[in-house]
Amino acid sequence: MNTTARRESYDVVVIGAGPAGLAAATTAAEAGLSTLLLDENAGPGGQVWRAIASTPVTERDHLGADYWAGAKLVEAVRSSGAEIIHRATVWSLDRNLEIGVSLGGASFFVKARRVILATGALERPFPIPGWTLPGVMTAGAAQTMLKSSGLVPDGSTVIAGQGPLLWLLAAQILRLGGRIDRILDTTERRNYFAALPHAFAFMTSPYFAKGFALMRQVRAKVPVVSGVTELAAAGDGELATVTYLSGGRRETVPAELLLLHQGVVPNVNLAMATGIEHRWDDLQLCWSPVLDRDGNTSVEGIAIAGDGAGIGGAEAAIVRGRIAARAAVEALAPTAAARLAPMATFRGALVKAERGRIFLDTLFRPAPQFRIPSGDTIVCRCEEVSAKDILDAVAIGATGPNQLKAYRRTGMGPCQGRLCGLTVTELMAQARGKTPQEIGYYRLRAPVKPITLAELAAVPKTDADVNAVVRG
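Residues numbered from 1 in each chain as written. Predicted model: local features only at pLDDT ≥ 70, side-chain atom pairs only at ≥ 80, totals over all residues. Heavy atoms only, no water.

What about the overall build of the protein?
Looking only at helices and strands, the protein has 20 helices and 21 strands in total. What you see for the protein is a C-alpha radius of gyration of 23 Å, in line with the 23 Å of a compact globule of 472 residues. By its C-alpha atoms, the protein is 70 × 50 × 40 Å across when sized along the principal axes. Taken over 472 residues, the protein has a buried fraction of 54%. (Helix = DSSP H or I, 4+ residues; strand = E, 2+ residues; numbered from the N terminus. Rg over C-alpha atoms; globule rule 2.2 N^0.38 Å. Buried < 20%, exposed > 50% of the residue type's maximum accessible area, 1.4 Å probe, protein only.)

This is the structure in structure tokens:
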């Protein structure tokens, strides 16, 4: 396996091979810029088009037309001249645009004149009682297994939560012959009224027909319980039952598998560790980077595209990737920009791709009780810290997520806050009577992904590096 890049520096380095990253790398390379695409998965596609070049699910109807639409973009990047490295873990990025990468058990650094972060999204934490039990998974994890290996549940299965991915996964499981016993819809009833002013834009968007067809398909085969306001998993060492409350009625059902989902949020860890400015988004209830209209961040030379810039879906991610790449071409090789479509064309396409997004964000805004837990519900899975532990720390002086590390070690495990960060921010904000923006987020530093000392030791060293240690 190749354990380093072919060059020490590139015009453009794109991090992430999902829809935005593939589009950005293709655009930059086709304009003649030296381009490197780094991705930690075994193949291209990100989560949306995961395993698109290797999936055993070959019946196109099973995964849907939107999934297979990614094949053209994969072909385009492979023929564009961009260098592509898979299984590459990017663990650092500094303001000098030097990128730390681990590959094949060794680490190396590569320089860039421009960096485009296309790190995509993460599933929003869904902290309910029992969510750490074996047998409880996220919908995204289940979809990864489905796409990569063709695996679907065959035991008693409950899907709980809300959002487009929940319905898409349910449809895909059913098409592949999997079992779903019940869907517990946690969408708040008041959200339907709040979303009404944006309904026309949604009905004229591509989302409407697709979403309606998916829901109709699933509801014809699976019992759906709406208006779920409480949810808990239970079992002795593994999941056995799911209890829910809906319309004043509490029910407990047996389950071998519980799939949770309440939307996705930008994957901000690498961007935050680089010092890029972020703001709390009150609509999407998450941290989003502060960007200009080309995707440029507060750090010179770094742009963000795709869902890492704010959740917008695959089509919007593709266009954002092309906008960020075209802006990079204009900055580095203005004459080469003439080979690309005008920026106005991309901006028009983005408006079309984002039509109806506000309706979805409003309708599927997660309920407070499913974002801000209480009592003994685990918040930080890595360090097994409960909501009560965090509130106790606030009571004795913890003022924000960074201070909380000293009290409870939250956010200091392998996930580096990915599974607890939003919950910690909102929980502390509520406890202290402040906004999430005022409370803030974890202060992140490299390495943003776990790497071994052996990988660090394998970094190529110059004579100056050796002398600095020997003489130090």
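We are not done yet, so read on.
Brief notes about the packing of aromatic side chains
Considering all chains together, one arrives at nine aromatic pairs under this definition. Judged by centre distance (5.3 Å) and plane angle (80°), the rings of Trp280 and Trp287 are edge-to-face. As far as burial versus exposure is concerned, Trp280 and Trp287 are alike and both buried. By way of ring pairs, the aromatic residues Phe202, Phe208, Phe212 and Phe359 are connected into one cluster. The ring of Trp131 has Arg381 lying over it, and the distance from NZ or CZ to the ring centre is 4.7 Å. (Phe/Tyr/Trp six-rings, centres within 6.5 Å; stacked < 30°, edge-to-face > 60°. Lys NZ or Arg CZ within 6 Å of the ring centre and 35° of its normal.)

Quick notes on a negative patch on the surface
Taken together, the side chains of Asp154, Asp236, Glu238 and Glu256 present a region of like negative charge at the surface. The topology assignment puts Glu256 in the loop between β14 (249–254) and β15 (257–262). (Patch = residues over 30% accessible without salt bridge, like charges linked within 9 Å, V, L, I, M, F, W, Y side chains within 5 Å. Areas by Shrake-Rupley, 256 points an atom, 1.4 Å probe, with all protein chains shown as cover. Salt bridge = Lys/Arg side-chain N within 4 Å of Asp/Glu carboxyl O. Lys, Arg positive; Asp, Glu negative; His and termini not counted. Charge placed at Lys NZ, Arg CZ, Asp CG, Glu CD.)

A look at the pattern of salt bridges
Scanning the model with the defined rule gives 16 salt bridges in all. Ionic pairing is found between Arg179 and Asp181, a salt bridge with its closest N-O pair at 2.9 Å. Since its relative accessible area comes to 35%, Arg179 is described here as partly exposed. Given the relative accessible area of 28%, Asp181 is considered partly exposed.

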